[in-house]
Amino acid sequence: MVALWYSLLAPADIKSSISSPMFLWQPGIETPIGAQQAKPVLMMEATCSFSNNGAHIGEISYVVLSLESDDGTRWLFSPYWIVDETKFLTDGFSKRTWMSGQFHSVLVPGKQTVAYSYMFVAESGLSRFQEPSLTPHKFKARLLTWFPANSRPREQQSSQLDFDENLIANLSRGVAFGMPFREQQERVQSIR
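In every chain, residue numbers begin from 1 and rise along the written sequence. Residue-level local features of this predicted model are given only where pLDDT is at least 70; pairs of side-chain atoms are given and counted only at 80 or more, and the full residue set underlies all totals for whole chains, interfaces and linings. As a convention, hydrogens and water are excluded, and side-chain values are obtained from all of the structure's heavy atoms.

J.: Just checking my understanding: could you explain the packing of aromatic side chains for this structure?
T.: Each aromatic ring pair is characterised by the separation of its centres together with the angle its planes make. In this scheme Phe, Tyr and Trp rings, the latter by its six-membered ring, pair at centre separations within 6.5 Å, and the angle between planes marks the pair as stacked below 30 degrees, edge-to-face above 60, and tilted otherwise. Here the structure, examined in full by the defined rule, presents 14 aromatic pairs. Here Tyr62 and Trp146 contribute two aromatic rings whose centre-to-centre distance is 6.0 Å and whose plane-to-plane angle is 50°, an arrangement assigned as tilted. Taken together, the residues span a long stretch of sequence, with Tyr62 in strand 5 (residues 62–69) and Trp146 in strand 10 (residues 137–146) at a distance of 84 residues. Counting every residue linked through ring pairs, the aromatic cluster contains Tyr62, Phe103, Tyr116, Tyr118, Phe120 and Trp146. In this text, helices come from DSSP runs of H or I with a minimum length of four residues, and strands from runs of E with a minimum of two, each type numbered from the N-terminal end.

Below, the structure is given as structure tokens:
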């Protein structure tokens, strides 16, 4: 009976994770006199993996990355586009050949894993979240997912992220810059 449960009857059980992000800072675009000035935008490219341990197909309807620092600063990133990483790395950000589609819900067959790279954009105008700025912060990063039947998100991964001076200096020069989560940095530093 146990084998039958796990192989054929178990409901979808999806666990999600996110890779270390690569950040991009898009300063405001020049606008004609009298037109509204475009705001700078902080974007983030990262790969999300979705593993279904259940036997039935499952669905993730939405995903966000929430960043919160000790000083109360809160940023929220939502996935806007699916990224073709090969084109992103070879052609660069500005050519826009890396866009392979808009974000859509993710279907995960039973006992399988799927992964997508997304371009996340910092949300603005939300009452509980601030506009991102190029200032140092130590963030707790939480990957949150929604399932079709749930109105509240489920926390899938929690990591630490140092939005430090090195990252800020590179972003301000227009460089796309990756920053590993603190846990990944510690693993590498522990190698002797």
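J.: Which parts of the structure should I look at to understand the side chain of Thr47?
T.: Tracing the sequence through the fold places Thr47 in strand 3 (residues 41–52). Here the side chain of Thr47 touches Glu85 through a polar contact of 3.1 Å, side chain to side chain. We call two residues in contact when some of their heavy atoms are within 4.5 Å. Not counting chain neighbours up to four residues away, the residues in contact with Thr47 comprise Ser17, Ile18, Ser19, Glu85, Ala115, Tyr116 and Ser117. Side-chain atoms alone can form a polar contact between residues adjacent in sequence; in general such a contact is a pair of N or O atoms within 3.5 Å, and within protein one must be able to donate a hydrogen while the other accepts it.

J.: I'm lost on the pairing of strand 9 (residues 112–122) in this one. Help?
T.: Where strand 3 and strand 9 come together, ten bridges link them in antiparallel fashion. Each bridged residue has a counterpart across the sheet, and for Glu45 the counterpart in strand 9 is Met119. Here, strands pair whenever DSSP counts at least two bridges between them.

J.: What is the right way to read the pattern of salt bridges from this model?
T.: When the charged atoms of two side chains with opposite charge come close together, those side chains can pair. Salt bridges are defined as contacts in which a side-chain nitrogen from Lys or Arg sits within 4 Å of a carboxyl oxygen from Asp or Glu. Tallied over the entire structure, the rule returns five salt bridges. Salt-bridge contacts for Lys138 lead to Asp162; the nearest nitrogen and oxygen are separated by 3.6 Å. You can see Lys138 sitting in strand 10 and its partner Asp162 sitting in strand 11 (residues 154–163), a full 24 residues away along the chain. Partly exposed residues are those whose accessible area sits between 20% and 50% of the maximum for their type, while under 20% is buried and over 50% is exposed, using a 1.4 Å probe and protein chains only. Overall, the relative accessible area of 55% leaves Lys138 in the exposed class. By relative accessible area, which is 15% here, Asp162 ends up buried. The residue Arg142 makes a salt bridge to Glu155 at a minimum N-O spacing of 3.1 Å.

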